[in-house]
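So the chains spell out like this:
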Amino acid sequence: MKSTTARRITLSVVAVTCLTALTACGSSGGSSGSSKGSGKDDGAAGRGAAKVSPVAALRSADTSTAEADSARVSTTTSIGTLMSMKGSGTLDWADGLTGRLTLTYTGGTVAETMRRVGTTTMEARYLPDAYYAHMSDAYARQVGGKHWIRYRYEDLGALAGGSGAYMQEQLKNATPNQSVKLLLVSGDVRKVGEATVRGEHTTHYAGTVNVADFAGKNANLPKRQMDDLKKQLSEAGVTTETIDIWVNDQDLLVKKVEKAEMATGTMTTTAYFSDYGVKTAVQAPPAGDTSDFKDLIASQGAAAGGSGISS
């Protein structure tokens, strides 16, 4: 029974952390750690930026980043003592979200849980209807020999306490320009300075989002988009969020750092974006090496013998 419980917990841990990794790349549903100061972060300041208002500059960055369709990403995320994680890979948002990330748990209780089932590193593949997590040989031996777990978005509602439609909406919005949109509705967006980030000249902008009142503070986004952002933040338990972004001379997001105060504690993340337009080809893993999350939960619930153990 203990091994069944551990496998069920692991299924839930993998589901949540795969979503966390993706939202750290760009969704507004919870993230990250703020940087403040002179704008000299990551190197000396570069060339002088054009003298445009922060709002106008961010509108251009929102459009340019959304239209770039794909990018290479690298992220670090922490959630209190629960988890620290790093990820890298590519994402494409041209026609629904697809992508491939390599995730490594680096600390916290989640890392200990994953270490007990044989690995702290796994591959996650994201497709429009589901995402897939590659598990260790040790874990595969416990669940019939298959290495991949498929998490269909429509099956995740009960696990996350929300609807499958909300899950799909979160993933559809997991694009870099979501952080730009949040700054546009923050009401206090400001230019901090200029910086060289990984060899690129950038302009640094910052702001703080207060979920309780941001929708009424300005009209920098259409009301529908503002309402959607507020809903995503509220359902994720976010109350306030500080955001810093660095935009290059092509109006593309190069770096973001966020810190979100949530009902469950503080989440922090840093993400870098590069190689916009990179080709991202993602396929579902072989069906013969894939188990479905819903089926695994059902079979392990039966193995628990109706003892009341839940996922």
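Residues numbered from 1 in each chain as written. Predicted model: local features only at pLDDT ≥ 70, side-chain atom pairs only at ≥ 80, totals over all residues. Heavy atoms only, no water.

1. Comments concerning the overall build of the chain
(1) Moving on: Secondary structure assignment for the chain yields nine helices and twelve strands.
(2) Moving on: In the chain, which comprises 311 residues, the proportion classed as buried is 52%.
(3) Moving on: A separation of at least 24 residues holds for 66% of the contacts in the chain among residues at least 6 apart in sequence.
(4) Moving on: Looking at the chain as shown, the accessible area adds up to about 13100 Å², and 50% of this sits on carbon and sulfur atoms. (Helix = DSSP H or I, 4+ residues; strand = E, 2+ residues; numbered from the N terminus. Buried < 20%, exposed > 50% of the residue type's maximum accessible area, 1.4 Å probe, protein only. Contact = heavy atoms within 4.5 Å. Areas by Shrake-Rupley, 256 points an atom, 1.4 Å probe, with all protein chains shown as cover.)

2. Considering the environment of Ala-124
(1) Moving on: Tracing the sequence through the fold places Ala-124 in strand E4 (residues 121-126).
(2) Moving on: Along the primary structure Ala-124 and Ala-21 are separated by 103 residues, whereas in three dimensions their C-alpha atoms are 9.4 Å apart.
(3) Moving on: Discounting chain neighbours no more than four positions away, the residues touching Ala-124 are Cys-18, Gly-99, Arg-100, Leu-101, Leu-103 and Tyr-132.

3. Quick word on helix H7 (residues 177-186)
(1) Moving on: A large share of H7 lies buried, amounting to ten of its ten residues.
(2) Moving on: Looking at the residues trailing H7, positive phi occurs at Gly-187, about 85°.

4. Concerning helix H2 (residues 54-67)
Note on helix geometry: an α-helix contains 3.6 residues per turn, so any two residues three or four positions apart are oriented the same way.
(1) Moving on: Counted at 1.5 Å a residue, the expected span for H2 with its 14 residues is 20 Å, and the 20 Å between its end C-alpha atoms agrees.
(2) Moving on: Residues Ala-57, Leu-58, Ala-61, Asp-62 and Thr-65 constitute the buried set of H2. Seen end-on, H2 carries its buried residues on one side only, within an arc spanning 140°.
(3) Moving on: Downstream of H2 by one or two residues, Asp-69 has phi in the positive range, about 75°. (Expected span 1.5 Å × (residues − 1). Arc of directions from axis to C-beta.)

5. Quick notes on unusual backbone geometry
(1) Moving on: Notably, Asp-69 is not glycine yet its phi reads approximately 75°, a positive angle.
(2) Moving on: Within the secondary structure, Asp-69 is located in the loop between H2 and strand E1 (70-79).
(3) Moving on: Even without glycine at this site, Arg-198 takes up a positive phi of about 50°.
(4) Moving on: Within the element layout of this structure, Arg-198 appears in the loop between strand E7 (190-197) and strand E8 (200-210).
(5) Moving on: With relative accessibility at 59%, the residue Arg-198 sits in the exposed group.

6. Focus on the packing of aromatic side chains
(1) Moving on: With the rule as written, the count across this model stands at four aromatic pairs.
(2) Moving on: Ring geometry for Tyr-126 and Tyr-131: centres 5.7 Å apart, planes at 40°, overall tilted. Each member of the pair, Tyr-126 together with Tyr-131, is buried.
(3) Moving on: With centroids separated by 5.1 Å and ring planes inclined at 20°, the aromatic side chains of Tyr-131 and Tyr-151 adopt a geometry described as stacked. Residue Tyr-131 is found in strand E5 (residues 130-134), and its partner Tyr-151 is found in strand E6 (residues 148-152); the two are separated by 20 residues along the sequence.
(4) Moving on: Judged by its relative accessible area of 0%, Tyr-131 is buried.
(5) Moving on: According to the relative accessible area criterion, Tyr-151 is buried, its value standing at 0%. (Phe/Tyr/Trp six-rings, centres within 6.5 Å; stacked < 30°, edge-to-face > 60°.)

7. A word on the pairing of strand E2 (residues 83-92)
(1) Moving on: Taken across its ten residues, E2 has eight buried, putting it largely inside the fold.
(2) Moving on: Sheet analysis places E1 next to E2, joined by ten bridges and oriented antiparallel. Considered in E2, the bridge of Thr-77 is made with Met-85.
(3) Moving on: Where E2 meets strand E3 (residues 98-107), nine bridges bridge the pair, whose relative direction is antiparallel. Residue pairing in the sheet places Ser-84 in a bridge with Gly-107 of E3.
(4) Moving on: As consecutive antiparallel partners, E2 and E3 are separated by five residues, and within that stretch Gly-96 has a phi angle of approximately 80°, a positive value. (Pairing = 2+ DSSP bridges.)

8. Considering the packing of H2 against H7
(1) Moving on: Orientation of H2 relative to H7, taken along the N-to-C sense of each, is 155°, at an axis distance of 9 Å. Classified by the angle their axes make, H2 and H7 are roughly antiparallel. Taken as a pair, H2 and H7 cross one another with a handedness that is left-handed. Contacts between H2 and H7 involve Val-55, Leu-58, Arg-59, Ala-61, Asp-62, Thr-65 and Ala-66 from the former and Asn-177, Val-180, Lys-181, Leu-183 and Leu-184 from the latter.
(2) Moving on: For the contact of H2 with H7, the per-class residue count stands at seven nonpolar, two polar and three charged. (Axes fitted to C-alpha atoms, helices over the stretch in contact; angles between N-to-C directions. Parallel < 35°, antiparallel > 145°, perpendicular 65-115°, else oblique. Left-handed = near helix turned anticlockwise from the far one by under 90°. Nonpolar A, V, L, I, M, F, W, Y, C, P; charged D, E, K, R; others polar.)

The values are spatial; any link to function lies outside them.
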